[in-house]
Amino acid sequence: MGAMGDRFLRAGIVGLGICGLAGCGLLPPTTEAPLVSSSALSSLPPCVDDDCNCQDFRDQASAQIVLEAFPDDPFQLDRNGSGAACETLPLTALPADPAVPPSQSPHLALGNPSNAGSGNLNNYLLERSQYALSYNRDRGTANWVSWQLSADWLGNTPRQDNFRQDGGLPTGVYQVTPNDYRNSGFDRGHIVPSGDRTRSVRDNTATFLMTNILPQAPENNRGVWRELEEYSRDWVYQLDYTLLVMAGGYGEQTRLAAGKIVVPSRLWKIIVMLEPGQTLSDIDEDTPVVAIDIPNRNTVQADWRTYQTTVDRIELATGYDFLTAVPTPVQTILEAEAANLEALR
């Protein structure tokens, strides 16, 4: 469940987020709030661990579940007292795209979380030698990016810093430019980090395509998120692990570039950790899977472990289906449990 969930249970939702006229803050630890059981918490999206807002949900239906779990409405999802949560959202999310043929890309070894392909410009699959991603035309960012990280991808190539448009998008799809972020108050945040692709100039350059970038709060990007990236690489540098990583953002807090780029309200990352010599077929119920879901804002905790969650709960928030290449019994176990980070140290 993670540290945040544990605090929920021990202290009656300690640190529960709430937004009012004065802005978003944290309820003090002494605030009385309904106790939520561990099983109930596991069926709710990660935002309930810190601060849910209507902008974090895909549809009214998912927001309504949270409202009904917290009848006192500490997140102010029912602003007019009607009993309905987040009434400006669509009633339900769009149905999932149909299944697509399996990819041969090593970066999609765990599966294609949204069935991205060539038929939906809001779920458009781009496969490169360095990573694979699902691009969303209407959001101006990737839905998710998936990549493999091992010692084979690391070298001494310096950071190229050559942010640029992605000419690989279909005709008619707006190509986000580096200047679209200028003076926005948000960093051009990498999804696949530059530091994960230092084998060659070509590999590092690929991380600066704007389809691999999303608007990220500066303190978040340069602080807690960077620490998570470095933690991941340490497992490769020091212990020769291979990591299978997926990451992205969801929700909408505002838009940039005259509405062409959505600033996500939350950021997530899933890391499947393989020991030296292991392959996909070696994944079992003991394989460490680190899942993180964090608000995309400057005022976040410095330790990314605070935002540990489960794959199941990220699936609830995003609508994606992760780890589909893993046998179902193992997948069920891995997605429901949070990695024991103390045991990994």
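Residues numbered from 1 in each chain as written. Predicted model: local features only at pLDDT ≥ 70, side-chain atom pairs only at ≥ 80, totals over all residues. Heavy atoms only, no water.

### Focus: the environment of glycine 277
For step 1, the next point in the chain: Structurally, glycine 277 can be placed in the loop between strand S11 (266–274) and strand S12 (289–295).
For step 2, the next point in the chain: Owing to a relative accessible area of 73%, glycine 277 belongs among the exposed residues under this scheme.
For step 3, the next point in the chain: As a C-alpha pair, glycine 277 and tyrosine 241 span 36 residues in sequence and 8.4 Å in three-dimensional space. (Helix = DSSP H or I, 4+ residues; strand = E, 2+ residues; numbered from the N terminus. Buried < 20%, exposed > 50% of the residue type's maximum accessible area, 1.4 Å probe, protein only.)

### Quick notes on a negative patch on the surface
For step 1, the next point in the chain: On the surface, Asp282, Asp284, Glu285, Asp286 and Glu337 cluster together to form a negatively charged patch.
For step 2, the next point in the chain: Within the secondary structure, aspartate 282 is located in the loop between S11 and S12. (Patch = residues over 30% accessible without salt bridge, like charges linked within 9 Å, V, L, I, M, F, W, Y side chains within 5 Å. Areas by Shrake-Rupley, 256 points an atom, 1.4 Å probe, with all protein chains shown as cover. Salt bridge = Lys/Arg side-chain N within 4 Å of Asp/Glu carboxyl O. Lys, Arg positive; Asp, Glu negative; His and termini not counted. Charge placed at Lys NZ, Arg CZ, Asp CG, Glu CD.)

### Digging into the pairing of strand S3 (residues 124–127)
For step 1, the next point in the chain: In this sheet, strand S4 (residues 132–136) lies alongside S3 in antiparallel orientation, the contact comprising four bridges. In the strand pairing of S4, leucine 126 is matched with leucine 133.
For step 2, the next point in the chain: In sequence, S3 turns back onto S4 through a hairpin of four residues. (Pairing = 2+ DSSP bridges.)

### Re the sheet that holds strand S5 (residues 141–149)
Think of a sheet as strands paired side by side through backbone hydrogen bonds, with each pair either parallel or antiparallel.
For step 1, the next point in the chain: Spatially, S3-S4-S5-S8-S11-S12 is the arrangement adopted by the six strands of the open sheet, whose pairing is antiparallel. Strands at the two margins of the open sheet, each flanked by one partner only, are S3 and S12. Across the sheet, the mean angle separating the axes of adjacent strands is 15° when strand polarity is ignored.
For step 2, the next point in the chain: With nine bridges connecting them, strand S8 (residues 242–250) and S11 associate as antiparallel partners. Each bridged residue has a counterpart across the sheet, and for tyrosine 250 the counterpart in S11 is arginine 266. (Axes fitted to C-alpha atoms, helices over the stretch in contact; angles between N-to-C directions.)

### Considering the confidence of the model for the protein chain
For step 1, the next point in the chain: Confidence in the prediction for the protein chain averages 90 pLDDT; 90% of positions are at 70 or higher.
For step 2, the next point in the chain: Low pLDDT (under 50) marks residues 1–34, which in the prediction has 74 contacts with non-local residues, meaning those over four places away or in another chain. (pLDDT = per-residue confidence, 0-100. Contact = heavy atoms within 4.5 Å.)

### Section: the nonpolar core
For step 1, the next point in the chain: Formed by 50 residues in total, the largest nonpolar core has its most connected members in Trp147 and Val290.
For step 2, the next point in the chain: If you tally residues by element for this core, the top one is helix H5 (residues 218–239), at six residues.
For step 3, the next point in the chain: When sequence neighbours within four positions are dropped, the list of residues in contact with valine 290 reads Lys269, Ile270, Ile271, Met273, Trp304, Ala339, Leu341 and Leu344.
For step 4, the next point in the chain: Judged by nonpolar contacts, the second largest core, of 25 residues, contains Trp144, Leu244, Leu323 and Val330. (Core = buried A, V, L, I, M, F, W, Y, C linked by side-chain atoms within 4.5 Å.)

### Some details on the state of the cysteines
For step 1, the next point in the chain: Considering all chains together, one arrives at two disulfides under this definition.
For step 2, the next point in the chain: Two residues, cysteine 54 and cysteine 86, share a disulfide whose sulfurs are 2.1 Å apart. Because the torsion about its S-S bond is -85°, the bridge between cysteine 54 and cysteine 86 counts as left-handed. Placement of the pair is cysteine 54 in the loop between helix H2 (38–41) and helix H3 (60–69) and cysteine 86 in the loop between H3 and S3, with a sequence separation of 32 residues.
For step 3, the next point in the chain: Note on cysteine 86: relative accessible area 2%, which makes it buried. (Disulfide = S-S within 2.5 Å.)

### Looking at the pattern of salt bridges
For step 1, the next point in the chain: Per the stated rule, a full pass over the model turns up 14 salt bridges.
For step 2, the next point in the chain: A salt bridge links glutamate 252 to arginine 255; its shortest N-O distance comes to 3.0 Å.
For step 3, the next point in the chain: Judged by its relative accessible area of 34%, glutamate 252 is partly exposed.
For step 4, the next point in the chain: Among the residues examined, arginine 255 registers a relative accessible area of 36% and is labelled partly exposed.
For step 5, the next point in the chain: Two residues, arginine 266 and aspartate 293, come together in a salt bridge whose shortest N-O distance is 2.6 Å. Residue arginine 266 is found in strand S11, and its partner aspartate 293 is found in strand S12; the two are separated by 27 residues along the sequence.
For step 6, the next point in the chain: By relative accessible area, arginine 266 is classed as buried at 1%.
For step 7, the next point in the chain: Here the salt bridges share partners, and the residues they tie into one network are Asp50, Arg266 and Asp293.

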